[in-house]
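Below are the chains, spelled out letter by letter.
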Amino acid sequence: MSKKQLYTLEFPVRCSPTILYEFLSTSSGLQEWFADKVDDQDNVFTFGWNGSEDTAEVLEKEEDKFIRFHWSHAPKDEYFEFRIEKSEVSNQTVLVIKDFAAKNEIKDQSQLWNHQVKDLFHRLGN
């Protein structure tokens, strides 16, 4: 199996970092756009989609800045991360998503993230 590689996606978003962070870091926020059902206990989130479940541990977080998760089934050095940045040029809020995928799956995974982020933006009123 080929080693997965890190890729990054950026999405300009019209909302405050505080509101966006709530959608990225809480079970109720993530359940709005990321998964059908989300529970969290002791920094471990359980995500449910169509009857299947997966768990991810929070590795690091900083309020209104970023949260990094590690899927329980993934190699130790892989993670997915939501980061909130400000564009220096436009002062716009930017959602940065970092994830890992096999080189030949990055395009498909990026499309999946695009779809998920559209749901997020819909919830945010963007």
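My aim in this report is to walk through the structure given alongside it, one point at a time.

Definitions and limits used
- Residue positions are given per chain, counted from 1 along the sequence in the order it is written.
- This being a predicted model, a pLDDT of at least 70 is required before a residue's local features are given, and a value of 80 or more before pairs of side-chain atoms are given or counted; all residues contribute to the totals for chains, interfaces and linings.
- Hydrogens and water molecules were not included; the side-chain quantities draw on all heavy atoms of the structure.
- Pairing between strands is defined by DSSP: at least two bridges between the two strands are required.
- Starting at the N terminus, helices and strands are each numbered in turn, a helix being any DSSP run of H or I of at least four residues and a strand any DSSP run of E of at least two.
- Only C-alpha atoms enter the line fits that serve as axes; for helices the fit covers just the stretch in contact. Angles between N-to-C directions range over 0 to 180 degrees.
- What is meant by a nonpolar core is a set of buried Ala, Val, Leu, Ile, Met, Phe, Trp, Tyr and Cys residues, joined one to another through side-chain atoms within 4.5 Å.
- Think of it in three bands: residues with accessible area under 20% of the maximum for their type are buried, residues over 50% are exposed, and the middle band is partly exposed, with areas taken using a 1.4 Å probe on protein chains only.
- Contact definition: two residues touch when any of their heavy atoms are within 4.5 Å.
- We call Phe, Tyr and Trp rings a pair once their centres come within 6.5 Å, taking the six-membered ring for Trp, and we label the pair stacked below 30 degrees between planes, edge-to-face above 60, and tilted otherwise.
- A positively charged side chain is recorded as over a ring if its NZ (Lys) or CZ (Arg) lies within 6 Å of the ring centre. The angle to the ring normal must also be within 35 degrees.
- Salt bridges are counted wherever a side-chain nitrogen of Lys or Arg sits within 4 Å of a carboxyl oxygen of Asp or Glu.
- Think of a polar contact as two N or O atoms within 3.5 Å of one another; within protein, one of them needs to be a possible hydrogen donor and the other a possible acceptor, and neighboring residues in sequence only count if both atoms come from side chains.

Right, let's get into the sheet that holds strand 4 (residues 52-62). Taken in spatial order, the 7 strands of this open sheet run 1-7-6-5-4-3-2, and their pairing is antiparallel. The sheet terminates laterally at strand 1 (5-13) and strand 2 (37-41), the two strands that pair on one side only. When strand polarity is set aside, the average angle formed by the axes of neighbouring strands in this sheet is 25°. In terms of strand pairing, strand 4 meets strand 5 (residues 66-71) through 6 bridges, oriented antiparallel.

As a further point, take the nonpolar core. Note on soluble globular proteins: their nonpolar side chains tend to be buried together. Counting 34 residues, the largest nonpolar core has Phe 34, Phe 47, Phe 69 and Phe 82 as its most contacted members. The biggest single contributor to this core is helix 3 (residues 106-124), with 6 residues. Setting aside anything within four residues of it in sequence, one finds Phe 47 in contact with Leu 30, Phe 34, Ala 35, Lys 37, Val 38, Ser 52, Glu 53, Asp 54, Ala 56, Phe 69 and Trp 71.

This next bit is on the packing of aromatic side chains. Taken as a whole and judged by the stated rule, the model has 20 aromatic pairs. Ring geometry for Phe 47 versus Trp 49: centroids 5.9 Å apart, planes at 20°, classification stacked. An angle of 55° between the planes, with centres 6.2 Å apart, marks the rings of Trp 49 and Trp 71 as tilted. Residue Trp 49 is located in strand 3 (residues 44-49), and its partner Trp 71 is located in strand 5; the two are separated by 22 residues in the primary sequence. Relative accessible area serves as the criterion here: at 27%, Trp 49 is assigned to the partly exposed category. The class of Trp 71 is buried, set by a relative accessible area of 15%. Positioned above the aromatic ring of Tyr 79, the side-chain terminus of Arg 68 is 3.9 Å from the ring centre. Lying across the ring of Phe 66, Arg 83 places its NZ or CZ 4.3 Å from the centre.

Before going further, it helps to examine the pattern of salt bridges. A side chain of one charge can pair with a side chain of the opposite charge if their charged atoms are brought near each other. The final tally for this structure, using the stated rule, is 6 salt bridges. Here Lys 37 makes a salt bridge to Asp 39, at a shortest N to O gap of 3.3 Å. We classify Lys 37 as partly exposed; its relative accessible area is 46%. Within this structure, Glu 60, Arg 68, Glu 81 and Arg 83 form a network of salt bridges that share partners.

Quick look at the environment of Asp 39 now. Secondary-structure assignment places Asp 39 in strand 2. Along the chain, Asp 39 and Ser 28 lie 11 residues apart, while their C-alpha atoms are 8.1 Å from each other. Apart from the residues lying within four places of it in its own chain, the contact partners of Asp 39 are Ser 27, Val 44, Phe 45 and Thr 46. Within the structure, Asp 39 has its side chain in polar contact with the side chain of Lys 37 (distance 3.3 Å).

Of the strand pairs in this sheet, strand 3 and strand 4 are connected by 6 bridges, and their pairing is antiparallel. Its bridge partner lying in strand 4, Thr 46 is registered against Thr 55. Between strand 4 and strand 5, which follow one another and run antiparallel, lie 3 residues, and Asp 64 among them has a positive phi close to 65°.

Worth remembering: the numbers are spatial, not functional.
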